[in-house]
Protein chains: 2
Amino acid sequence: MSAKKQEPKILNTTDFQPDGFKWTRLKKIDWEDETGRKRVWEAAERSTRGKAGVDAVAIVALLDHPSKPLSTVILEQYRPPIGNTCIELPAGLVDGGESPEDAALRELIEETGYGGDGEGAGKATVEEVSPLLVSDPGCVTLKDSSNAELTFTLRSVVSFSLTNANMVLCTVRVKLSESDPEPKQKLDEGEHIIKRVVEVQELYNVLLDYNKKGFTIDARLAHWAMGYHMATRFDKK
Amino acid sequence: MSAKKQEPKILNTTDFQPDGFKWTRLKKIDWEDETGRKRVWEAAERSTRGKAGVDAVAIVALLDHPSKPLSTVILEQYRPPIGNTCIELPAGLVDGGESPEDAALRELIEETGYGGDGEGAGKATVEEVSPLLVSDPGCVTLKDSSNAELTFTLRSVVSFSLTNANMVLCTVRVKLSESDPEPKQKLDEGEHIIKRVVEVQELYNVLLDYNKKGFTIDARLAHWAMGYHMATRFDKK
C-alpha cells in the first residue's frame, strides 16, 4: 500500500441539464486529489435515482430443471444509443420503496415469465445478492499533453467517468418441473424483448456467436460468462 | 421469437455540450421502434472516441507462478463521480492507432508493473480478447404513467441508457519465475492507484470483504468474479 498524503475529496459539484432533457444531466465535479491538487471531473448522471439508493438490478436466472442442464435466460433488445440490438441479462429499475430482491423477481417475471403465475413459470427464489456495484466508475484515463484550455497542470491525467449509475446483481434460482412449458413474458406495452434460454455451460460460446452475427454484447453479461468460462477451463487443466 | 413489424431505426440525433465541457456531451436520439412509433432517448457520451472505434480495455491478468495458486491483480482507485474508492480491473483508454491488445499490455505495465521490463515483471501474452462490449447500453427502464410533459403516448415505457461507451476485455497470462519479486507500477504523474494481487479462487470473497469495509465495487469485475464463483460452486454440487 502506497502512502497517501490525504484522502481525496469532492469540493463542489455543478449540474447542467439542457432544456428538454428529463432523465439525464451533466455534472462538473471539483475535487482535490491525494496530493492536494485541485482537479475537475466531468460526469453524466440519471436525474431520477429512487429512494432506495439502488438504480437498477440485473438477474442471473438459474433454471433448475429435473432432467435438463442448468440454464439461464438472456435477452435481445434494441438500444438506440448504440443503434443496435444488444444481448443482455434481464434487468430493470428498482421502483421507489422496492427492495432489489423484489425488483429482481418482478423484472424476471415481466421480461421472461419465470417466477410468475403462468404455466411453466416455476418457483423463483433469490439465492444471492451482490454488493452495490457501479457500472462505469471511470475505467478510462484520458491523457492530455498539450491542450492549453485544460485547467490542470501540464501532462496531467484526466481520469474521468461518465456515470455514477449503480446496480445490484441478483442470482435467482427457478425450480422447474419435468413437463413445464416455456412461460410467457409479461411485457409492458412498448417493450420489444426477445428472450432466449441458454445452457450456462454454453453461454460464453453463445455470446461469441451473437457477436459474429453482428449483435452487441453487454459488458456485464460478458464478464459473468467469461468468469464462468475461465473457471471451467481452469478446472480442466 | 416474437414477430417484429420492422427493424427499429434511428431518425435523428442532436448533441448538447454545455460551455466548459470537453469530454462529455448529452445526446437526444429520435428513433422509431419495432411498431413504427416515434420515440425519444436521452444519452450521454464521450466526445473523444479514438480512430480504432474501441474506447477502452480492461484486463484480467492471470499470474502464472510455478509454485503459487493462479492469481490476478485488482486496483483501488478514487473515483469522483461516486465520491469513493472503487475496486476495479486494470483498464485504460485505447490510444489512436493502438490495438486493444497493445493497449491492454501497456495499461497492465503502467498500473501493475506486470509485463514490463522491471524486476519481477514476468512475460505477458494476450490469451483472449472479448468481442466489443458496451458498458451501459440501457439496462434501466423508466416507467412513466402520468407525466404530461412526455412526448410519448400514455403509459409509455422509456427505455433509456446513459452511454454508448464500449470496451474490450483482454485476458493476459503473465508467466512468472520462482523468485520474482512484486514488480513496480509505472504510474503517470497524478495517478494514485493501489494494486493488490489476489488468488483467483479467492477473488469473490475478497470483493465481499472490500464491500464490508466501505469500498465500492466495479460491476464488471464483480460479474467476472461471480461467474467464476458460480462455476466453481456448481462443479462442487
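Residues numbered from 1 in each chain as written. Chains lettered and ligands numbered in written order. Predicted model: local features only at pLDDT ≥ 70, side-chain atom pairs only at ≥ 80, totals over all residues. Heavy atoms only, no water.

1. Describing the overall build of chain A
No. 1: Of the regular secondary structure elements, chain A holds 3 helices and 14 strands.
No. 2: For chain A, the proportion of its 237 residues judged to be buried stands at 58%.
No. 3: Contacts in chain A between residues at least 24 apart in sequence constitute 64% of all its contacts with a sequence separation of at least 6.
No. 4: Split by element, the accessible area of chain A, about 9,700 Å² in all, is 49% carbon and sulfur. (Helix = DSSP H or I, 4+ residues; strand = E, 2+ residues; numbered from the N terminus. Buried < 20%, exposed > 50% of the residue type's maximum accessible area, 1.4 Å probe, protein only. Contact = heavy atoms within 4.5 Å. Areas by Shrake-Rupley, 256 points an atom, 1.4 Å probe, with all protein chains shown as cover.)

2. Section: the pattern of salt bridges
No. 1: A full pass over the atoms with the stated rule returns 33 salt bridges over all chains.
No. 2: Among the ionic pairs, E127 of chain A bridges to R173 of chain A, the shortest N-O distance being 2.5 Å. Highlighted residues: E127 of chain A in strand β8 (residues 123-129) and R173 of chain A in strand β12 (residues 166-175), separated in sequence by 46 residues.
No. 3: Overall, the relative accessible area of 34% leaves E127 of chain A in the partly exposed class.
No. 4: The closest approach of N and O atoms between D209 of chain B and K213 of chain B, which form a salt bridge, is 3.2 Å.
No. 5: Via salt bridges that share partners, D95, E98, R106, E107 and E110 of chain A belong to a single interconnected network. (Salt bridge = Lys/Arg side-chain N within 4 Å of Asp/Glu carboxyl O.)

3. Considerations on the pairing of β12 of chain A
All names here are of chain A.
No. 1: Across the 10 residues of β12, 9 count as buried, placing the element largely inside the fold.
No. 2: Note: strand β4 (residues 56-64) against β12, 9 bridges, orientation parallel. Across the sheet, A58 pairs through a bridge with L169, a residue of β12.
No. 3: The sheet contact formed by β8 and β12 spans 6 bridges and is antiparallel. Opposite A124, over in β12, you have V174 as the bridge partner.
No. 4: Relative to β12, strand β9 (residues 133-134) runs antiparallel, the two being bridged by 2 bridges. Pairing of L133 across the sheet is with M167, part of β12. (Pairing = 2+ DSSP bridges.)

4. Details of the confidence of the model for chain A
Residue and element names in this part refer to chain A.
No. 1: Averaged over every residue, the pLDDT of chain A is 80; the share at 70 or more is 81%.
No. 2: At the low end of the mean pLDDT range in chain A sits strand β10 (residues 140-143), at 28; at the high end sits strand β13 (residues 193-199), at 96.
No. 3: Counting contacts from residues 137-161, a segment whose pLDDT is below 50, to residues more than four positions away or on other chains yields 79 contacts.
No. 4: Both scores are given for the predicted complex: the pTM is 0.81, the ipTM 0.79. (pLDDT = per-residue confidence, 0-100.)

5. Some remarks on the nonpolar core
Generally speaking, a soluble globular protein has its nonpolar side chains buried in company with each other.
No. 1: Counting residues in each nonpolar core, the largest one holds 58 residues, and the members touching the most others are I74 and W224 of chain A together with I74 and W224 of chain B.
No. 2: For this core, the elements supplying multiple residues, two or more each, are β4, β12, α2 (203-212) and α3 (219-236) of chain A together with β4 (56-64), β12 (166-175), α2 (203-212) and α3 (219-236) of chain B. (Core = buried A, V, L, I, M, F, W, Y, C linked by side-chain atoms within 4.5 Å.)

6. What about helix α1 (residues 100-112) of chain B?
Residues and elements named next belong to chain B.
No. 1: Between the first and last C-alpha of α1 there are 17 Å, a value that for 13 residues agrees with the 18 Å anticipated at 1.5 Å per step.
No. 2: For α1, every residue scored as buried is listed here: P100, A103, A104, R106, E107, L108, E110, E111 and T112.
No. 3: Just downstream of α1 lies G113, where phi reads positive at about 90°. (Expected span 1.5 Å × (residues − 1).)

7. Some points on the packing of aromatic side chains
No. 1: This structure, assessed with the given rule, holds 8 aromatic pairs over all chains.
No. 2: Each ring, one from Y210 of chain A and one from F215 of chain A, has its centre 5.0 Å from the other, and the planes form 80°; the classification is edge-to-face.
No. 3: Residue placement shows K28 of chain A over the ring face of F21 of chain B; its charged tip is 4.7 Å from the ring centre. (Phe/Tyr/Trp six-rings, centres within 6.5 Å; stacked < 30°, edge-to-face > 60°. Lys NZ or Arg CZ within 6 Å of the ring centre and 35° of its normal.)

8. A closer look at the environment of I59 of chain B
No. 1: Relative to the helices and strands, I59 of chain B resides in strand β4.
No. 2: Leave out the neighbours within four places in its chain, and I59 of chain B touches L89, P90, A91, A104, E107, L108, L169, C170 and V172 of chain B.

9. Section: α2 of chain A
All names here are of chain A.
No. 1: The set of residues buried in α2 consists of L203, Y204, V206, L207 and Y210. One side of α2 holds all its buried residues, which, seen down the axis, span an arc of 160°.
No. 2: Positive backbone phi, at 100°, marks G214, one or two positions downstream of α2. (Arc of directions from axis to C-beta.)

10. Some remarks on the environment of V126 of chain B
Residue and element names in this part refer to chain B.
No. 1: By the element assignment, V126 lies in strand β8 (residues 123-129).
No. 2: Residue classification places V126 among the partly exposed positions, given a relative accessible area of 27%.
No. 3: In the structure, V126 is positioned 76 residues away from E202 in sequence and 23 Å away in space, judged by C-alpha atoms.
No. 4: What V126 contacts, discounting residues up to four positions off in sequence, is E101, L105, C170, T171 and V172.

11. What about the pairing of strand β6 (residues 84-88) of chain B?
All names here are of chain B.
No. 1: Where burial is concerned, most of β6 is hidden: 4 out of the 5 residues are buried.
No. 2: Pairing of strand β5 (residues 71-79) with β6 involves 5 bridges; the strand directions are antiparallel. Pairing of Y78 across the sheet is with T85, part of β6.
No. 3: Between β5 and β6, which pair antiparallel one after the other, the connecting turn spans 4 residues, and G83 there sits at a positive phi close to 60°.
No. 4: With 2 bridges joining them, β6 and strand β14 (residues 216-218) adopt parallel strand pairing. Counted as the bridge partner of C86 is T216 from β14.

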